[in-house]
Amino acid sequence: MALGFIKKVFTFGREKPAEEQAPAEVSPKVGAPVVEQDAPVADTSPAFEFAEPSSPPSVPSGHLPHEGGDRLESNAPAEQEQQADEVAEVLSNEPFAVEQADESEVVEPEQAKSAETDITAEGASAEPISPLVGEMSDRTEGGEEVPASSELSSRYSEPSSENTDTSAEAPILPKGFSTAASVPALAPEAPKQKLSWFQRLRAGLARTSSQLTGQIAALFTKRKLDDQTLQDLEDLLIQADLGVETAMRVTDTLASERYGKDVTSEDVGRIMAQEIAKVLKPVAKPLQLDLSHKPHVILVVGVNGTGKTTTIGKLAAKLSGAGLKVMVAAGDTFRAAAIEQLKIWAERTKSEFIGTKLGADAAGLAFDAFQQAKANKSDVLIIDTAGRLQNKAELMAELEKIVRVLGKLDPDAPHTVLQTLDATTGQNALNQVEIFRNIAGVNGLIMTKLDGTARGGILVAISAKHKLPVYFIGVGEGVDDLEPFEAEDFANAIAGTGAGNGQ
Ligand SMILES: Nc1nc2c(ncn2[C@@H]2O[C@H](COP(=O)(O)OP(=O)(O)OP(=O)(O)O)[C@@H](O)[C@H]2O)c(=O)[nH]1
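These figures come from a predicted structure and were not determined experimentally.

## Side note on the packing of helix 4 (residues 206-219) against helix 14 (residues 487-495)
Put simply, helix 4 and helix 14 touch, their axes get as near as 7 Å, and they point 55° apart. When the axes of helix 4 and helix 14 are compared, the pair comes out oblique. Across the interface between the two elements, Thr208, Ser209, Leu212 and Thr213 from helix 4 touch Ala493, Ile494 and Ala495 from helix 14.

Here it is in structure tokens:
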């Protein structure tokens with residue numbers, strides 16, 4: 001990004017890439033081949049907003065990326081060393097249990113590295129955390145060997161020419177992001193896709209919608225609208241996970257328009273779409289990036305398997321494809337496959353990758369990632385985390401520590417705390433938001449797996465209850481299966497009405 005730019009808002013066209021890319025599968029399997037992408041994903045969607053820096057970020061001079069395991073260059077500025085020391089002190093003083101890798105899982109123990117600013121957690125071994133950039137240990141998970149990826153270290157140390165110099169012109173951000181201030185930029189025209197986004201959304205929510213509309217049709221066959229019908233409708237909407245508040249909004253509006261009269265399922269569908277859209281509109285927002293932070297730090301949290309890593313890959317693809325310099329950090333140090341999976345996504349999306357060994361302190365990794373991203377002048381740093389809700393105390397301690405440690409380098413960091421929610425979990429997702437909001441200060445949501453679920457209505461209940469921004473929704477495992485959240489489209493797709501906004 002050009003330095004010294006005034007803050008601008010970029011809005012993005014809704015056009016899709018020229019050719020719909022077949023979703024390339026990223027195997028979470030250890031050692032799975034990297035799926036190469038010929039070019040950055042050219043998603044020109046406009047759901048990102050970002051602020052450009054008004055002044056160059058303060059990047060510590062002489063601070064170079066780690067390479068090969070040297071944790072910090074010896075000529076790191078005193079201030080930075082002091083910060084690292086402070087963090088080391090915080091971490092060593094805090095009660096915090098780090099999940100240690102089972103020794104049996106280690107094939108080749110990590111070499112001890114210069115531990116000048118190594119941060120170790122209480123209860124952990126005195127091993128350095130060693131967030132080796134692009135260099136993961138050879139380890140096993142379930143007996144399967146994780147290949148080392150030292151080839152990435154050179155890419156990390158010497159930032160690739162791709163996506164590194166964005167100073168010439170402001171990037172056209174993908175749909176779903178925006179800047180803090182407002183200068184709309186037109187997205188380039190792109191040919192139409194075979195399937196519009198709304199068609200894909202509707203297909204994804206077909207089970208949710210058909211179940212609901214089928215029941216509504218049965219309820220309103222030759223019946224005038226009376227109290228019993230209204231009560232039945234309310235029950236039906238609650239069962240569809242829409243939540244009590246939205247169910248009552250629908251029945252109240254329907255009653256005010258049609259009480260004592262004949263009602264068709266189309267009437268109900270129209271009112272349902274209208275009331276759901278009213279609930280969703282306030283939360284359907286673009287993810288605002290403030291690039292004056294350089295990097296804007298996005299911490300991604302959520303329960304295991306809700307799609308954190310995949311979503312990070314999809315976000316990185318959008319941002320990297322728009323010309324931003326992106327770094328992803330494998331802060332889920334609990335699962336080797338999660339680290340490997342993120343590394344593959346980084347390669348696919350031409351993002352920089354920073355990882356550490358299995359069982360290492362995630363907060364230490366987050367701290368080092370932030371330092372690296374600053375030194376490398378990354379625009380955005382996205383940090384993955386573990387989501388072991390079954391061990392809530394440890395998870396809470398780990399996430400709190402990550403947030404605290406990032407704050408040492410920038411009091412405003414993490415600038416965005418995104419939670420991923422799996423639509424198929426239904427009502428449970430409501431509690432998950434409650435928990436992660438308290439633990440990590442979640443300030444935005446992404447709902448995944450809206451393809452093929454009958455429980456998509458839960459997003460409406462979550463929006464009504466938590467009122468947190470919903471930035472994107474995931475409708476598949478492919479790199480382009482993440483779209484900005486559009487209130488009316490979503491409402492229509494659930495209610496089985498409308499034709500979308502033509503996207
Ligand atoms: N159908 C579908 N699958 C998805 C979507 N997003 C993610 N997945 C799949 O869900 C599974 C779990 O996704 P991950 O990204 O590994 O989830 P995670 O939260 O990082 O999981 P942990 O690493 O265990 O914490 C993977 O098989 C993904 O491909 C989506 O929108 N739709």
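What follows continues from the structure just given.
## Observations concerning the pattern of salt bridges
The full count for this structure, using the stated rule, is 14 salt bridges. Glutamate 488 serves as the salt-bridge partner of lysine 281, at 2.8 Å between the closest nitrogen and oxygen. Taken as a pair, lysine 281 in the loop between helix 7 (265-280) and strand 5 (287-290) and glutamate 488 in helix 14 lie far apart in primary sequence, 207 residues in all. Using a relative accessible area of 34% as the deciding quantity, one classes glutamate 488 as partly exposed. Three or more residues joined by partner-sharing salt bridges are found here, namely Glu257, Arg258, Asp267 and Arg270.

## Side note on the site of the ligand
In the vicinity of the ligand lie 20 residues, with Gly305, Thr309, Thr310, Asp451 and Glu477 positioned nearest. Separating an oxygen atom of the ligand from a side-chain N or O atom of threonine 309 is a distance of 2.7 Å. Aspartate 332 places a side-chain nitrogen or oxygen 3.3 Å from an oxygen atom of the ligand. The protein chains hide 85% of the 650 Å² of surface that the ligand would expose on its own. Among the secondary structure elements, those contributing two or more residues to the shell around the ligand are helix 8 (308-321) and helix 9 (336-349). At four residues, the largest contribution of residues to the shell around the ligand is made by helix 8.

## Concerning the pairing of strand 7 (residues 326-329)
Residues Val326 and Val328 of strand 7 are buried on one face, and the alternating residues Met327 and Ala329, pointing to the opposite face, are buried as well. Here strand 7 runs beside strand 8 (residues 352-354); their pairing, made up of three bridges, is parallel. Following the sheet pairing, methionine 327 is matched in strand 8 by glutamate 352. You can see the chain leave strand 7, run along helix 9 and come back into strand 8, and the turn it takes is right-handed.

## Points about the packing of aromatic side chains
Here the structure, examined in full by the defined rule, presents two aromatic pairs. Centre to centre, the rings of phenylalanine 177 and phenylalanine 472 are 5.4 Å apart; their planes meet at 50°, and the pair counts as tilted. With phenylalanine 177 in strand 4 (residues 177-178) and phenylalanine 472 in strand 12 (residues 470-474), this residue pair connects regions lying 295 residues apart in the sequence. Look at phenylalanine 472 and you get buried, because its relative accessible area is 0%. A centroid spacing of 5.3 Å and a plane angle of 65° characterise the contact between phenylalanine 485 and phenylalanine 490, whose relative ring orientation is edge-to-face. Since its relative accessible area comes to 4%, phenylalanine 485 is described here as buried. For the cation-ring pair, arginine 348 lies above tryptophan 345, with the distance from its terminal atom to the ring centre recorded as 4.4 Å.

What counts and how
Residues numbered from 1 in each chain as written. Predicted model: local features only at pLDDT ≥ 70, side-chain atom pairs only at ≥ 80, totals over all residues. Heavy atoms only, no water. Axes fitted to C-alpha atoms, helices over the stretch in contact; angles between N-to-C directions. Helix = DSSP H or I, 4+ residues; strand = E, 2+ residues; numbered from the N terminus. Parallel < 35°, antiparallel > 145°, perpendicular 65-115°, else oblique. Contact = heavy atoms within 4.5 Å. Salt bridge = Lys/Arg side-chain N within 4 Å of Asp/Glu carboxyl O. Buried < 20%, exposed > 50% of the residue type's maximum accessible area, 1.4 Å probe, protein only. Near = heavy atom within 4 Å. Polar contact = N/O pair within 3.5 Å; in protein donor to acceptor, adjacent residues only side chain to side chain. Areas by Shrake-Rupley, 256 points an atom, 1.4 Å probe, with all protein chains shown as cover. Pairing = 2+ DSSP bridges. Right-handed = clockwise from strand over helix to strand, strands pointing away. Phe/Tyr/Trp six-rings, centres within 6.5 Å; stacked < 30°, edge-to-face > 60°. Lys NZ or Arg CZ within 6 Å of the ring centre and 35° of its normal.

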